[in-house]
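Chain and residue survey
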Amino acid sequence: MSRIAQAFSCAREQNRAAFVAYLCAGDPDFNTSLAACRALLENGVDVLELGVPFSDPLADGLTNQLAAQRALEGGMTAARVFEFVKKIREFSDVPVVFYTYYNLVFSNGIEAYVKAAKAAGVDGMLVLDLPPEEGAEFSAAARAQGIDSVCIVAPTTPDARIAKIAAVATGFIYYVSREGVTGVRDQVAVGIPEAVARIRVHTQLPIAVGFGIGTRAQVAEVAAQADGVVVGSALVNIIKENLAARETIAPALAAKAADLVAGTRR
Amino acid sequence: MTATPSPAVAAEPIDRFSLPDAGGHFGRYGGVFVPETLMTALQDLGAVYEKARLDPAFQAELKNHLKEFAGRPTELYFAERLTRHCGGAKIYLKREDLLHTGAHKINNALGQALLALRMGKKRIIAETGAGQHGVATAAVCAKFGLECVVYMGAVDMERQSLNVFRMRLMGAEVRAVTSGQKTLKDAVNEAMRDWVTNVRSTHYILGSALGSHPYPMMVRDFHRVIGQETKAQLLAREGRLPDEMIACVGGGSNAIGFFFDFLEDKSVRLVGVEAGGRGIKRGEHAARFEGGKLGILQGAKTYILQDPDGQIELTHSVSAGLDYAAIGPEHAYYRDRQRIDYAYACDDEVMETFQLVSRLEGIIPALESTHAFVHGLKRAKAMRSDEILVINLSGRGDKDVNQVAKILGVSL
């Protein structure tokens, strides 16, 4: 069983949803970001979704765009991202999923990239702009290396496509609960239970729900409807708000993570 | 970084209608690389376009709007003084600059607006670099009563303030994009973010032969009329095909529309001209075939200016419309096939030629189109006087006069 599968099954046994937390690797700098990830991992995060900063993150809202920009300005590179994961592996076995764009994976050879990711300790990859129609080469490389290929289902995805996506997905399915880019919203999207049921017809993989979730109450609401809850921008915002005093970022994230994780209990 | 096609591929006869394949591929280029939220919209758009393309009523309606609203056909003009100046080939200009709103962009904007009406989508978004596509989209939206939002990089808004005002006069909302380097690429990112968010109500009128399938094919088809007219006009006038055709290439829509009906005419040399900016150094130009490599950006696999890690590089060109890190996938394919050649022109040559063409012909070309002239005049000089060269004058330069004056140190 992969570490990702274990994380979800462990959460299920504890009668709670798995908590998937997103941060951009290297935001705002390598060491602060590492401390930030550590704060999350020590406070109950089940899966760490690590954004690999890209110059043109077209699926991301402003919060995550700026995070990627800070990380790149802070000196994050392809090689340093792998080093970052290796550092995490020195203190944590929590599964790490790369949240990334295809050009970064493709530019120096897909197989080499996936191999390097595996060697660093990455468990899964979600390539945002790589639909299953174009994903054969990546899927084969991921399968060969034992890296899970996490896929997205959107509210606009018809049933026939869900089947196609489910056929290539491993690890978990990420249901983005609303049309739009990443970012915190006031209310949880409607129709999540129906969407989860539609996806469930085609897969036994865990289904995590994200996009726009930022408070404990929202986490609790979604935790009752899905196998996992993804929180991203709300955490990235804490980094943004504390840039003037970087040493306060990790403690602030620790407190926020503990609060949100409490919401995952059913 | 140049891809060398296998001789076998280069030798296969070209069938211009065989591409793209069902998945939007031109050989190894093109395809569909977008977030899942957009997949269904793109597939629906592909299906609607396929039906419209084969529907005589749609084509007749489009043709009528192209004639009455846009002003087609455009003239094929013999540039007598430029020809004499160069002392070589006869130079003809395809006068897309005479179209309503000032450039070829209106061909595509009209076609896609009609598709939006067919799909029942009342809200239109677009990106724009030089502002010509934004102005064309604003015009067709006003004409058809559609809501229009145009994304434009803040840097481009300053370079092209006249076009910003024109769009606003026609009722479009122009939204400044302040992310990244604040130019065309960033405007495309913002437009795609808007589309992801409002996909059910909104059609995205992409302005070049770029992005995910079906856009490169669809935009090409809407601009094919440029080459079709050119062929008929030159045959009527000279009784033969040209020896060489030259067009500027940003995303590549005017060029692919101009070249498409000549792809199978092997005797006609086709040349696309990219923006050499301040010279071929990293971050100083937008010549994708000079420093780019294969990658994926904004929906398509193609040649992209990027750093060794795969981060997209900054670009520069004096012309906002060519200032873009990726090239249309069909161009990359025909370059591999050695059917279309590519050259580049640098900012200083462009400034010089802009003034030369204005003085000699009484025609002020767009800075984008001037790139084609820079290469075209060099070629004309090298060609014989019984040879024929056609340059696609894709747009007029009225929008550029403020910027040119500033560069020349003239206060208006």
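Up top is the structure.
What comes next concerns the included structure. Computed from a predicted model, the values in this text were never measured in an experiment.

Here is what the cut-offs are and how they apply
- Residues numbered from 1 in each chain as written.
- Chains lettered and ligands numbered in written order.
- Predicted model: local features only at pLDDT ≥ 70, side-chain atom pairs only at ≥ 80, totals over all residues.
- Heavy atoms only, no water.
- Helix = DSSP H or I, 4+ residues; strand = E, 2+ residues; numbered from the N terminus.
- 1 Å grid on protein atoms, 1.4 Å probe; cavity = no way out; pocket = protein on both sides within 12 Å on 5 of 7 lines; lining within 4 Å.
- Points joined across faces, edges and corners; volume = space filled by probe spheres on them.
- Nonpolar A, V, L, I, M, F, W, Y, C, P; charged D, E, K, R; others polar.
- Domains from an automatic or database assignment.
- Core = buried A, V, L, I, M, F, W, Y, C linked by side-chain atoms within 4.5 Å.
- Buried < 20%, exposed > 50% of the residue type's maximum accessible area, 1.4 Å probe, protein only.
- Contact = heavy atoms within 4.5 Å.
- Buried area = accessible area lost by both parts, 1.4 Å probe.
- Salt bridge = Lys/Arg side-chain N within 4 Å of Asp/Glu carboxyl O.

1. Notes on unusual backbone geometry
Residues and elements named next belong to chain B. Across the junction of Leu19 and Pro20, the peptide omega takes the value 0°, indicating a cis bond. Mapped onto the secondary structure, Pro20 falls in the loop between α1 (7-11) and β1 (25-26). Looking along the chain, the bond that leaves His213 and enters Pro214 is cis, with omega of 10°. Here Pro214 is to be found in the loop between β8 (202-204) and α10 (215-223). Phi is positive for Thr101, which is not a glycine, with a value near 75°. Relative to the helices and strands, Thr101 is located in the loop between β4 (90-95) and α5 (105-119). Of note, the phi angle at Lys182 is positive, near 65°, even though the residue is not glycine. In this fold, Lys182 is placed in the loop between β7 (173-177) and α9 (184-197).

2. Section: the layout of surface pockets
Taken as a whole, the largest pocket spans an internal volume of roughly 560 Å³. Broken down by secondary-structure element, the contributors of at least two residues to the lining of the largest pocket are α2 (36-53), α3 (56-70), α10 and α11 (225-238) of chain B. With five residues, the top contributor of residues to the lining of the largest pocket is α3(B). Residues of the lining of the largest pocket, tallied by class, amount to eleven nonpolar, two polar and nine charged. Shared between two domains, the lining of the largest pocket holds at least three residues of each, these being domain 1 (34-67 + 105-215) and domain 2 (73-102 + 220-408) of chain B. If you trace the second largest pocket, you find 21 residues lining it, with Ser55(A), Gln69(A), Leu72(A), Gly180(B) and Leu314(B) closest to the centre.

3. As for the nonpolar core
With 200 residues, the main nonpolar core has Leu50(A), Phe98(A), Met125(A), Tyr174(A) and Leu253(A) as its most contacted residues. Two domains each provide a minimum of three residues to this core, namely domain 1 (34-67 + 105-215) and domain 2 (73-102 + 220-408) of chain B. Dropping the residues within four chain positions of it, Leu253(A) is found in contact with Leu23(A), Ala36(A), Ala39(A), Leu40(A), Leu235(A), Ile238(A) and Ile239(A). The next biggest cluster of nonpolar side chains, apart from the first, holds 34 residues, and it includes Leu82(B), Ala286(B), Ala372(B) and Ile391(B).

4. Here's the deal with empty space enclosed by the protein
Residue and element names in this part refer to chain B. All told, the structure shown has ten cavities of 30 Å³ or more when counted by the stated rule. Roughly 340 Å³ of internal volume is contained in the largest cavity. In terms of lining residues, the largest cavity is bounded by 31 residues, among which His104, Lys105, Gly321, Leu322 and Glu368 are the most central. At the level of secondary structure, the elements contributing two or more residues to the lining of the largest cavity comprise β5 (123-128), α6 (132-144), α9, α12 (253-259) and α16 (367-382).

5. Brief notes about the interface of chain A and chain B
You'll often see interface size given as the accessible area lost when the parts meet. Across the contact, 38 residues belong to chain A and 37 residues belong to chain B. Both faces considered, chain A and chain B share a buried interface measuring about 3,000 Å² in area, 49% of it formed by carbon and sulfur atoms. Run the count over chain A and chain B and you get two salt bridges. The shortest N-O distance in the salt bridge between Glu36(B) and Arg161(A) comes to 2.9 Å. Where the side of chain A that touches chain B is concerned, the elements lending two or more residues are α3 (62-73), α5 (102-106), β6 (151-153) and α8 (159-168) of chain A. With four residues, the single largest contributor to the side of chain A that touches chain B is α5(A). By residue class, the composition of the side of chain A that touches chain B is 21 nonpolar, ten polar and seven charged.

Just geometry here; none of it tells us what the structure is for.
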